[in-house]
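Overview (structure and organization)
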Amino acid sequence: MRRSLIAYVLPVVIGVLLAIVLLNTFPQLLQGPTATEPAQQDPPAVVQTAPRPAPELQQATPLSRQQGPVSYSEAVEKAAPAVVNIYSSRVVPREEHPLMSDPFFRQFFADDLPTQQRLLSSLGSGVIVSEDGYVLTNHHVIDGADEIQVALRDGRETLAEVIGTDPESDLAVLRIDLDNLPVIQVSDTGDVAVGDIAMAIGNPFGVGQTVTMGIISATGRSHLGLSAYEDFIQTDAAINPGNSGGALINAEGALVGINTAIFSRSGGSQGVGFAIPTRLASTILEDLVTQGRVIRGWLGIEAQEMTQDLAASFGLNAPRGVVISGVVPEGPAALAGLRPGDVLLEVDGRPILDARAAMSDIAAIQPGATLPLTVVRSGETFTVDLDVGERPLPPSRRPER
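A few points on the structure. (Residues numbered from 1 in each chain as written. Predicted model: local features only at pLDDT ≥ 70, side-chain atom pairs only at ≥ 80, totals over all residues. Heavy atoms only, no water.)

1. Observations regarding the nonpolar core
Basically, it comes down to this: In these notes, a set of buried Ala, Val, Leu, Ile, Met, Phe, Trp, Tyr and Cys residues joined through side-chain atoms within 4.5 Å is what counts as a nonpolar core. Exposure classes here rest on a 1.4 Å probe applied to the protein chains alone. A residue is buried below 20% of its type maximum, exposed above 50%, and partly exposed in between. The contact criterion used is simple: two residues touch if any of their non-hydrogen atoms lie within 4.5 Å.
The biggest cluster of nonpolar side chains holds 42 residues, and the ones touching the most others in it are I86, I128, V129, I176, I184 and I258. Every residue in contact with I258, bar those within four places of it in the chain, is listed here: V127, L136, N138, L171, G245, G246, F274, A275, I276 and A281. The next biggest cluster of nonpolar side chains, apart from the first, holds 18 residues, and it includes I352, A358, I365 and L386.

Laid out in structure tokens, this is it:
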């Protein structure tokens, strides 16, 4: 029994002794668990990459005058000699001193009152379009002038004769008597497209011949109130006072329009200029040279644009045609029986979509021709034949440049 007891106690004693040895060797085993600082992590390794090569740009071929629009000097040199400066002057009475209206002071002068006059001058441009010396310019450049002087780029100066003017298109034709005149080439306006390069040549502000460049912004501009017959080329080439009557040319140096007006709130160019297309200018030139005036067809009516409300009041499903707001006594429309309040729907079978466009179409008809008109009156539609008359010449007017 003693041996069996020793067999059970001996392992326990050995275990206790072993525990004492371990505790003496590792005393921290007697302490409880403590918070430990997180181990400091090493920073992530930076991946080294090879540097990117600079992008290889494709180098353009050096520009040349033959290959690209680097210079328009050749076009300008072809056209500029034919663009002239126009100086017009007129004598106007000077306003009297207010005291001269007082009879007491006037009695001291009796009938020997001094005549007060002053000279008004204006500046513009023009384009030589014929070897015969015909010059196209604006009507407002020479309107009312007593004397017109034309100066060429080569230094020659001369007085000009007025061949004819057309206030309703704001065009005029002059003639100068000089030899070896430079003549501009005239382009067909049908070749003009929005986005084409355009250059304006003239004498803005009297500084001398100047060239400005832009593009054709629009064609067929109307409803601007600049003239009775409007079919303008719009451009952002700078057009300033003094450019009126000058040339608008294309990249080949050919004339595409006569510079006429600007839209401006300050009086200077703001990128909206207007030129009369050569198609219209050539027709006016021919009429003024051969007939001394422009002959246009005429109905003898005043027309008002049709609106949605007016169309409904006339029983029309949509606004079409124009309302006749006035009839000239003894005019073609009056003789045909038309009355104010009638609605004109068609002229010669063509629907009227715009009053100004219809007026331009009628103006192109030879006076004396017979036109069938489709008219609405009191809800009834009928057709009447009208004998086209000749449009009377308007009184001279002087629009601001």
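Additional details are given in the paragraphs that follow.
2. Describing unusual backbone geometry
Rules: Numbering of helices and strands runs from the N terminus; a helix is a DSSP stretch of H or I covering at least four residues, while a strand is a stretch of E covering at least two.
Positive phi, normally seen in glycine, also occurs at N180, with a value near 50 degrees. As for its placement among the helices and strands, N180 is situated in the loop between strand 7 (171–175) and strand 8 (197–202). Residue N180 is classed as exposed on the basis of its relative accessible area, which comes to 75%. For S378, which is not a glycine, the phi torsion comes out positive at approximately 55 degrees.

3. As for helix 5 (residues 278–291)
This is how it is decided: By this rule, a helix spans an expected 1.5 Å times one less than how many residues it contains.
Look at helix 5: 19 Å from first C-alpha to last across 14 residues, which is about the 20 Å you get at 1.5 Å a residue. Taken residue by residue, helix 5 has T278, A281, I284, L285, D287 and L288 as its buried positions. Against the buried residues of helix 5 lie strand 3 (134–137), strand 6 (161–166), strand 7, strand 12 (255–262) and strand 13 (273–277).

4. Some points on the environment of S222
By the secondary structure assignment, S222 is in the loop between strand 9 (210–221) and strand 10 (232–235). Expressed as a C-alpha distance, the spacing of S222 and A357, which sit 135 residues apart in the sequence, is 8.7 Å.

5. Things to note about helix 8 (residues 355–363)
Using the following cut-off: The directions from the helix axis to the C-beta atoms form the arc being described.
Where helix 8 is concerned, the buried positions are A355, A358, I362 and A363. Projected onto a plane normal to the axis of helix 8, the buried residues spread over an arc of 140 degrees and lie on a single side. In the core, the buried residues of helix 8 are packed alongside strand 14 (297–298), strand 15 (301–305), strand 16 (322–327) and strand 17 (343–347).

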